[in-house]
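Below, each chain spelled out in residue letters.
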Amino acid sequence: MAGVGKGVPEFEDLLPVMAEKLGGEGLMRELSNGFQVLMDKERGVITVESLKRNAAVLGLQDLRHDELVSMVEEGDTDGDGALSEMEFCVLMFRLSPGLMEESQLLLEEILQEDLKSAAFC
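Residues numbered from 1 in each chain as written. Predicted model: local features only at pLDDT ≥ 70, side-chain atom pairs only at ≥ 80, totals over all residues. Heavy atoms only, no water.

Draft legend 1. A look at the side chain of Asp 40. Structurally, the position occupied by Asp 40 is in the loop between helix H1 (11-38) and helix H2 (48-54). Excluding residues within four positions of it along the chain, Asp 40 makes contact with Val 45, Ile 46, Thr 47, Ser 50 and Arg 53. (Helix = DSSP H or I, 4+ residues; strand = E, 2+ residues; numbered from the N terminus. Contact = heavy atoms within 4.5 Å.)

Draft legend 2. View of the confidence of the model for the protein. On average, residues of the protein score 77 in pLDDT, and 73% of them are at 70 or above. When the elements of the protein are averaged for pLDDT, helix H5 (residues 97-119) gives the smallest value, 68, and H2 the largest, 92. When the criterion is pLDDT under 50, residues 1-12 qualifies, and its contacts beyond four places in sequence or with other chains add up to 16 contacts. (pLDDT = per-residue confidence, 0-100.)

Draft legend 3. A look at the nonpolar core. The biggest cluster of nonpolar side chains holds 20 residues, and the ones touching the most others in it are Ile 46, Leu 51, Leu 68, Met 71, Phe 88 and Met 92. For this core, the elements supplying multiple residues, two or more each, are H1, H2, helix H3 (65-75) and helix H4 (85-94). Other than its neighbours up to four places away in sequence, Phe 88 contacts Leu 31, Gly 34, Phe 35, Leu 38, Ile 46 and Leu 83. (Core = buried A, V, L, I, M, F, W, Y, C linked by side-chain atoms within 4.5 Å. Buried < 20%, exposed > 50% of the residue type's maximum accessible area, 1.4 Å probe, protein only.)

Draft legend 4. Representation of the packing of aromatic side chains. Applying the stated criterion across every chain, the model contains 1 aromatic pair. Seen in terms of ring centroids, Phe 35 and Phe 88 are 5.9 Å apart; in terms of plane orientation they differ by 50 degrees. Their pairing is tilted. Placement of the pair is Phe 35 in helix H1 and Phe 88 in helix H4, with a sequence separation of 53 residues. The two residues Phe 35 and Phe 88 agree in class, both being buried. (Phe/Tyr/Trp six-rings, centres within 6.5 Å; stacked < 30°, edge-to-face > 60°.)

Draft legend 5. Region of the structure containing the pattern of salt bridges. Under the definition given, this model contains 2 salt bridges. When the shortest N-O distance is used, the salt bridge between Arg 64 and Glu 67 registers 3.5 Å. (Salt bridge = Lys/Arg side-chain N within 4 Å of Asp/Glu carboxyl O.)

This is how it looks when you write it as structure tokens:
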């Protein structure tokens, strides 16, 4: 999704801002809403065809077919040729370096706290 159009902020730049403003639950709700917009209503997953059909909603109407295929393939962890809601959310986080960094720092902080509390048991 990066570099799609002139003057259009990249997705990676917006997701951390959304997370900060909406909180974790709000961000997940927005990602779920995005999934609902892009998914094939009959299959309940995002396919290349549903992505192409709904890409204009996200300003991605100029993406070529091979770029849409690459997007689906990048997030398709189970190899079924489509994105489930979980795969979509994981992909969105992976595409956001800022959120990945924040998540890693939070995880490290939690692990440190767990180690400290385990040492006192």
